[in-house]
Structure formats: C-alpha cells, structure tokens
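# Structure assessment
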Amino acid sequence: MWTLPNLLTLSRIVGVPVLVALLWWPNWAAGYLIGFALYALIAITDYLDGYLARAQGTVSKLGVFLDPIADKIMVAAVVLMLVANHDIGGWHLIAAMIILLREIMVSGLREFLGGIQVSVPVSKLAKWKTTLQLVALGALILGGGVPHWPWVHSVGLAALWGAAVLTLVTGWDYLRVGLKHMD
C-alpha cells in the first residue's frame, strides 16, 4: 500500500493546497513562479507514479483509485484559481467549463461502470488531452509569473482551447462506451 508510486500520488494531493496558496494573490509574480515550479513537479509525478507502478509491478487498487482523483483535484483547483484571478476570462471560460464538466462526467461514468464491473481504459487521445491540458494550465500559471512576456499567457489560452476540443472528443468516446451498458 505504501509504495513509492502511491506516495507520489498522495504527494500530488497534498501539494494542491500549497499550489492554491501560491496562486491566491493574482499580482504576486513570485508566487506564480514558485507555483509554476510546484505545478511542474506535481505534473511530473503524475507521469512517474504510473510509470513506476507498472515498471515495478506494484500497481495497486489504492493507486488505481487515487490517481484519477489526484488529477481531477489538481486540474479543478488550478482552473478555479486561474478563473478567480482572471487569468482565464471572457470566452475562454467556455474552454475551462468544458474541461471541468468532462472531468465530472467521466468520474461519474467510471464510478457507474465500475459498479457493473466494466472497465474503460484510458485512450491514447485522452493521454494527449491530459498532456495538452497540463501544458495549458502550466503556461497560464507561468504567464502570471512573467507578465512582461504576454505571449506565454496567449500560448496557455490557445492550448486550453486545444485541450477543450480533445476533451469533447474523448468525453464523447467515454460516454458512447458507457451508454452501451445503460438500460
């Protein structure tokens, strides 16, 4: 249970409140820069925990349970902070909402399907969606730390829309599979 992959997953969950605290003040560039470093570390552990669990043959039920929760906690917290601080605003709120709503829908769908013993593996496109989403949110955090480089923020917003498009595609894929198992 207390394997290195599981500890990495738990560290992601514990790191989120620290990240939120660093992003709390929208005009504190140093907080955003430190937050970006923490965010990057959390994102790397997202990759490492799964890689190590498979490589070491220590995939556990706890890890399978906590990993998607840790991802969703981090994404939701960062999106909410960026919206609250107006780093995501205007029409870009639509992209953020698409991402958050898909995360909730897929969680509910996985819970339902798990109850009837149906597993839905993560697709390659969903992995690309996650990667683009991580890049987008990271760029938006970094943009708050380097306001004299406005292109960083623009890259983050463009990547956010790209992630939103992939979110719609992969969300539909999961829903289509799930609908086959509903009465």
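Here's a quick rundown of the structure. Model, not experiment: these values are computed from the prediction.

### What to know about the overall build of the protein
The helix and strand tally for the protein stands at six helices and zero strands. Starting at the N terminus and walking to the C terminus, you meet the elements of the protein as α-α-α-α-α-α. Relative to the 2.2 N^0.38 estimate, which gives 16 Å for 183 residues, the radius of gyration of the protein is 17 Å and therefore close to what a compact globule would have. Each principal axis of the C-alpha atoms in the protein carries an extent, and together these give about 50 × 35 × 20 Å. In the protein, buried positions account for 42% of the 183 residues. Partitioning the intrachain contacts of the protein with sequence separation of at least 6 by distance along the chain shows that 78% fall at a separation of at least 24. Just so you have it, the protein exposes about 10000 Å², and 75% of that area is on carbon and sulfur atoms. With 11 positive and 9 negative side-chain charges, the protein shows a spacing of 7 Å between the two charge centroids.

### Some points on the packing of aromatic side chains
Counting across every chain of the model gives three aromatic pairs. Measuring from ring centre to ring centre gives 6.3 Å for Trp-149 and Trp-151, while their planes differ by 25°; the resulting arrangement is stacked. Accessibility expressed as a relative area gives 43% for Trp-149, which makes it partly exposed.

### With respect to unusual backbone geometry
One non-glycine residue with positive phi stands out, namely His-86, at about 65°. As for its placement among the helices and strands, His-86 is situated in the loop between α3 (61–84) and α4 (92–115).

### Quick notes on the packing of α4 against helix α6 (residues 150–179)
The geometry of α4 relative to α6 is characterised by a closest axis approach of 9 Å and an angle of 25° between their N-to-C directions. Here α4 lies roughly parallel to α6, going by the angle between them. Classified by chirality, the crossing of α6 by α4 is left-handed. Side by side, α4 and α6 meet where His-92, Ile-94, Ala-95, Ala-96, Ile-98, Ile-99, Arg-102, Met-105, Val-106, Leu-109, Arg-110 and Leu-113 of the first sit next to Leu-157, Leu-160, Trp-161, Ala-163, Ala-164, Thr-167, Leu-168, Thr-170, Gly-171, Tyr-174, Leu-175 and Gly-178 of the second.

### Details of the pattern of salt bridges
In the structure shown here, the tally under the stated rule is eight salt bridges. A salt bridge links Arg-12 to Asp-49; the shortest N-O distance between them is 2.3 Å. Here the residue Arg-12 occupies a position in helix α1 (residues 4–23), and Asp-49 occupies one in helix α2 (residues 29–56), the gap between them amounting to 37 residues. The pair formed by Arg-12 and Asp-49 is uniform in burial state, with each residue classed as buried. With a closest N to O distance of 3.0 Å, Lys-72 and Glu-103 form a salt bridge. Taken as a pair, Lys-72 in helix α3 and Glu-103 in helix α4 lie far apart in primary sequence, 31 residues in all. Classification of Glu-103 as buried rests on a relative accessible area of 8%. The structure contains a network of salt bridges with shared partners spanning Arg-12, Asp-46, Asp-49, Asp-67 and Asp-71.

Scoring rules and cut-offs
- Residues numbered from 1 in each chain as written.
- Predicted model: local features only at pLDDT ≥ 70, side-chain atom pairs only at ≥ 80, totals over all residues.
- Heavy atoms only, no water.
- Helix = DSSP H or I, 4+ residues; strand = E, 2+ residues; numbered from the N terminus.
- Rg over C-alpha atoms; globule rule 2.2 N^0.38 Å.
- Buried < 20%, exposed > 50% of the residue type's maximum accessible area, 1.4 Å probe, protein only.
- Contact = heavy atoms within 4.5 Å.
- Areas by Shrake-Rupley, 256 points an atom, 1.4 Å probe, with all protein chains shown as cover.
- Lys, Arg positive; Asp, Glu negative; His and termini not counted.
- Charge placed at Lys NZ, Arg CZ, Asp CG, Glu CD.
- Phe/Tyr/Trp six-rings, centres within 6.5 Å; stacked < 30°, edge-to-face > 60°.
- Axes fitted to C-alpha atoms, helices over the stretch in contact; angles between N-to-C directions.
- Parallel < 35°, antiparallel > 145°, perpendicular 65-115°, else oblique.
- Left-handed = near helix turned anticlockwise from the far one by under 90°.
- Salt bridge = Lys/Arg side-chain N within 4 Å of Asp/Glu carboxyl O.

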